[in-house]
Amino acid sequence: MAELIPGIDSSQRHLGFVWGPGDLLAYETQYKPTGAQHAAQSCPFVHVVRKDEDIYSPILRKLFNESHHIFVGLQNMKDDVPISTRDTALATQYGNQVSILLAVELIWNLCEVLFIEAAPAGSLLLHLLDWVRLHKADVDEKAQEVLQSECPAEHQAYWDVTVCYILQGRIDEARQILLKQASQQPAARVTFKLMDSLLMKMPIYNPGGTQTLTEFDVKWRRWHQECDRCLQDNSFASHPHLELICKILVGDEDTLLEQREHLSTWYHFLVTRLLYCHPTVKPTELHYYAQASMDMFLDGRSAPEPLDSILLAAFEFDIHQVIKDCSIALNNWWFVAHLTDLLDHCKLLQSHNLHFGSNLREFLLLEYASGLFTHHSLWQLAVDYFDHCPEFGRVYLELQIERVPLDTERKALKVLRICEQRQMAEQVRSICKIMAKKALRNNRLGSALSWSIRAKDAAFATLISERFLQDYCTHGTFSDLDLIDNLGSAMLLSDRLTFLGKYREFHKLYAEKQFAEAARLLLSLMTAKIAPRSFWMTLLTDALPLLEQKQVIFSADQTYELMHCLEELTTGKVAPETELSMQEDNIEATKIELLRLALARNLALAIVKEGTLEA
Amino acid sequence: MFVARSIAADHKDLIHDVSYDFHGRRMATCSSDQSVKVWDKSESGEWHCTASWKTHSGSVWRVTWAHPEFGQVLASCSFDRTAAVWEEIVGESNDKQRGQSHWIKRTTLVDSRTSVTDVKFAPKHMGLMLTTCSADGVVRIYEAPDVMNLSQWSLQHEISSKLSCSCISWNPSSSRAHPPMIAVGSDDSCVTYGGKVQIYEYNENTRKYAKAETLMTVTDPVHDLAFAPNLGRSFHVLAVATKDVRIFKLMPMRKETATSSGPTKFEVQIMAQFDHHNSQVWRVSWNITSTLLASSGDDGCVRLWKANYMDNWKCTGILKGDGSPVIGSSGQPVALSAAGGSSALASQNALNGVMAGRKKAQLMPG
């Protein structure tokens, strides 16, 4: 279980660590009680340690995506719809996969047969035969080779294929291939005919038929006795191959064990044994035969492997044990999580008296989804899994979605959408704030502003508006005009932002030569106290060109108000806020004089204009 | 588990702490060589050192990142009795091309009279707050009232714990049901004061931190502690690194209205205790979802602990050094990838063995 970190001597040094997203960093260090200082040689490496994880496997990507699709479909399925997994695309996805997936497929199919189909005695064996045949496809390859050869009966693999067919209970195919041999040996015609008739008469249970299991059993025993008699009579003594087949038909244990190579696995041995000894096996008897078969087959030659204990647990109908063993043996929670979810939906977890049934399902799904979250794109699948974990799904999602790196705007928007759909207000605010801060650091004021608005962060919006205004004062132009022009109701987020928006509006009106409107707006910015005091000077300076137009724009009343504002400004300045140099002082004074002059002139013109009756 | 990558950190002395930033794309390391290095992870997964600078005049014990909402901010603490706050400034374009960035010191906190042993930022919902603890037994909580101006920090609270402090941990829960809570661990070998873990809680009325609980069962020196992420539970989970690994469950007891002004009373239970390290345990840390706890001990191992759905804790992994010091001035890792590769497949082979005679042609090699 121990993983070795190269280059570090554990007897001399401590191992420091820190958790990362999906990994652990380990480094050499030396811990000491507080205060002690020392100098020491060091191993300069920081090691990134990861769990053996398949989430990075491109092959499994497709699998994860498919199973996600099916998972979501399953959650949305109504309860009374019978669930059949034979329609799922899962089995077909496997195709050319690594052996671990083959193991998974094997286990999954067995679970289907035992737990979901829940076949009773009679059909049970038929399903198990299907299961074995599905996982032993090499026979067909060999058979093809043999049948396509010039003289199949003399092909070296001929009898291998024949025996394999028999072992798998593929009687018709066995009969077919035996015909080839029979035609080559006319002298032994009678013997071959006998074999053929035995095979033909072999009873196969028909679940849909009218025959009861008992009737079938009786028939089968009779057939079994007939086969045995043939052996006793030495009917096949002259043909060792046919005799071998007959011994198999009779279910002779030793003979079957001798076929180890053809069977290759203990569970094939188990199913063959059942076929020829006890075809009416009941589900409850299965585990006894399974254990015995495994012991006989392995016979101390090799120790049982994890896969073996998983299959045994399945034969014992111990779902809990299957799940437990799968969790240990398999690297990724994928299989276990999905299997458990499926079983839970079939109400099988409860029926097996696991009082923590649905908690177990949730526990495993949370594990699986958390594992997906560390992947740069699979994390999106994980979201759906969390959605369907009623107890802890939401809080797990909240915790983990915050950690998704916001590399690009697009990714940030994707994450945001997920949070907004689920009313995760705090996460939305936090993500927007992080993006706003990042934009501000890189001096992208427009981006920063739009993120602050989205975050509904009034304080930050104020700050950025100030920056915009400062920029204007310094450079005389606004950046990001598009954004400011289209603020709409977002303007109301903060006073400073409102001012920024309205101020820009003033500039637009002026550019469009709507002077009267512009003038009115400018004035209202000061009188309605939307503009900060510090900006009034700039606004008044902006009024100058309006005052110096040929036509009178500001009315008399408006002019009085402007003068009032100017007075407020100048009298209010008891002590300068900042140290102004002599030169700046002079500039200030000149500006004020200019304004006073312009205002006075405008007042005069306005009074005259308003006093004159227009025709 | 396998070693995916090894980064030559290039510190001239022992590394004392490594800290990932919030998103796991940046990393900071600090060392007895008095410097801090910042690393950035590229898209291909490689780490590049983008800054390296001298931070203190003594060994730097810990380094930690602030929440990205506050920008790119680091804090470090040192044997030189100070803690410092650093901010990254966006550099010149040619710096960016060279892949370098600049960090400047925003403030130095000099209140401690002894080595500052730990520095942690408080949970972000409390604002930008920095906490330090020292060997002089004082825990100090500083706040930057204006998050845009990181040179202004004010000392808001001083908690005198009377014992030399080695570690602090904030309860990360932002639930309104719990007031801010901080755990302080002491590695004082003094035996007269029983509990070496103290829990302080903020009181809204008095605007001060008051001691809510002392874990009296922890009598040996404590080297590290860590609150687990809350996950919507009504109780708190605290892991403690002492002569063994201990996980405590703290259940707030319902307050009677009469005494609602005092700190919360807790019922303390021990959830798990592991002495597998068979020696002093120096660090404990939770992963993000609090499903895994890692601990590092005197035996030179890092162990991973996990609870199953029945709340039974088990050790699920061990990391240890392979015993061979890396020799060579080039510092190049020797045969690291080989060691990494083979162990990755080792656990898969467990299921491979039985697959004889099944679609052999399509099996991947190894």
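- The name given to chain B in an unreviewed UniProt entry is SEH1-like (S. cerevisiae), and the organism recorded there is Scleropages formosus.
- One UniProt comment on chain B, placed under Sequence similarities (unreviewed entry), says "Belongs to the WD repeat SEC13 family."

- An unreviewed UniProt entry lists chain A under the name Nuclear pore complex protein Nup85, with Scleropages formosus as the source organism.
- Chain A has a UniProt comment under Subunit (unreviewed entry) that states "Component of the nuclear pore complex (NPC)."
- According to its UniProt record, chain A has this under Function (unreviewed entry): "Functions as a component of the nuclear pore complex (NPC)."

## What to know about helix 9 (residues 213-232) of chain A
All names here are of chain A.
Argument step 1. The end-to-end C-alpha distance of helix 9, which contains 20 residues, comes to 28 Å, matching closely the 28 Å that a straight helix rising 1.5 Å per residue would cover.
Argument step 2. Three or more residues of helix 9 are buried, namely Phe216, Asp217, Trp220, Trp223, His224, Cys227, Cys230 and Leu231. In a view along the axis of helix 9, the buried residues occupy a sector of 135 degrees, so they form one face of it. Exposed and facing more than 90 degrees away from the buried side of helix 9 are Thr214, Arg222 and Gln232.
Argument step 3. One or two positions beyond helix 9, positive phi appears at Asn234, with a value near 60 degrees.

## Let's talk about the confidence of the model for chain A
Residue and element names in this part refer to chain A.
Argument step 1. The share of residues in chain A with pLDDT of 70 or more is 87%, and the mean pLDDT across the chain is 83.
Argument step 2. Low pLDDT, under 50, characterises residues 80-98; the predicted model gives this stretch 35 contacts beyond four residues in sequence or across chains.
Argument step 3. Taken together, the stretch residues 351-356 has pLDDT below 50 and engages in eight contacts with residues farther than four places along the chain or on a different chain.

## Considerations on the nonpolar core
Argument step 1. In terms of nonpolar packing, the biggest core is built from 184 residues, with Leu128, Trp266, Leu311, Phe315, Tyr503 and Leu539 of chain A touching the most fellow members.
Argument step 2. In terms of residues, this core owes the most to one element, helix 3 (residues 99-117) of chain A, which gives 10 residues.
Argument step 3. In contact with Tyr503 of chain A, other than residues within four places in its own chain, are Leu469, Tyr472, Phe478, Leu525, Phe535, Thr538, Leu539 and Asp542 of chain A.
Argument step 4. Ranked by size, the runner-up nonpolar core spans 21 residues in total, among them Ala226, Val237, Val281 and Trp313 of chain B.

## Some remarks on the UniProt feature "repeat: WD" (unreviewed entry) in chain B
Residues and elements named next belong to chain B.
Argument step 1. Mapped onto this structure's residue numbering, the UniProt feature "repeat: WD" (unreviewed entry) falls at residues 8-40 and 274-306.
Argument step 2. In residues 8-40, helix accounts for 0% and strand for 58%; the two terminal C-alpha atoms are 14 Å from one another.
Argument step 3. Helix makes up 0% of residues 274-306 and strand 58%, and the two end C-alpha atoms of the span are 12 Å apart.

## Notes on the sheet that holds strand 7 (residues 73-78) of chain B
Residue and element names in this part refer to chain B.
Argument step 1. Ordered in space as 6-7-8-9, the four strands form an open sheet in which the pairing is antiparallel. Looking along the sheet, the strands with just one partner apiece sit at the ends: strand 6 (60-65) and strand 9 (102-109). For this sheet the average axis-to-axis angle between neighbouring strands, irrespective of direction, equals 25 degrees.
Argument step 2. Looking at chain direction, strand 8 (residues 83-89) and strand 9 are connected through seven bridges and run antiparallel. The residue bridging Ala83 from the neighbouring strand is Leu109, located in strand 9.

## Some points on the sheet that holds strand 11 (residues 129-134) of chain B
Backbone-to-backbone hydrogen bonds pair the strands of a sheet. The strands run either parallel or antiparallel.
Residue and element names in this part refer to chain B.
Argument step 1. If you trace the four strands from one edge of the open sheet to the other, you get 10-11-12-13, paired in antiparallel fashion. The open sheet has two edge strands with one neighbour each: strand 10 (116-121) and strand 13 (154-160). Geometrically, the sheet is characterised by an average inter-axis angle of 20 degrees between neighbouring strands, direction not taken into account.
Argument step 2. Here five bridges tie strand 10 to strand 11, and the two strands are oriented antiparallel to one another. Among the inter-strand pairings, Val116 is bridged to a residue of strand 11, identified as Ser134.

The rules we used
Residues numbered from 1 in each chain as written. Chains lettered and ligands numbered in written order. Predicted model: local features only at pLDDT ≥ 70, side-chain atom pairs only at ≥ 80, totals over all residues. Heavy atoms only, no water. UniProt positions renumbered as here; feature names shortened; annotations may be inferred. Helix = DSSP H or I, 4+ residues; strand = E, 2+ residues; numbered from the N terminus. Expected span 1.5 Å × (residues − 1). Buried < 20%, exposed > 50% of the residue type's maximum accessible area, 1.4 Å probe, protein only. Arc of directions from axis to C-beta. pLDDT = per-residue confidence, 0-100. Contact = heavy atoms within 4.5 Å. Core = buried A, V, L, I, M, F, W, Y, C linked by side-chain atoms within 4.5 Å. Pairing = 2+ DSSP bridges. Axes fitted to C-alpha atoms, helices over the stretch in contact; angles between N-to-C directions.

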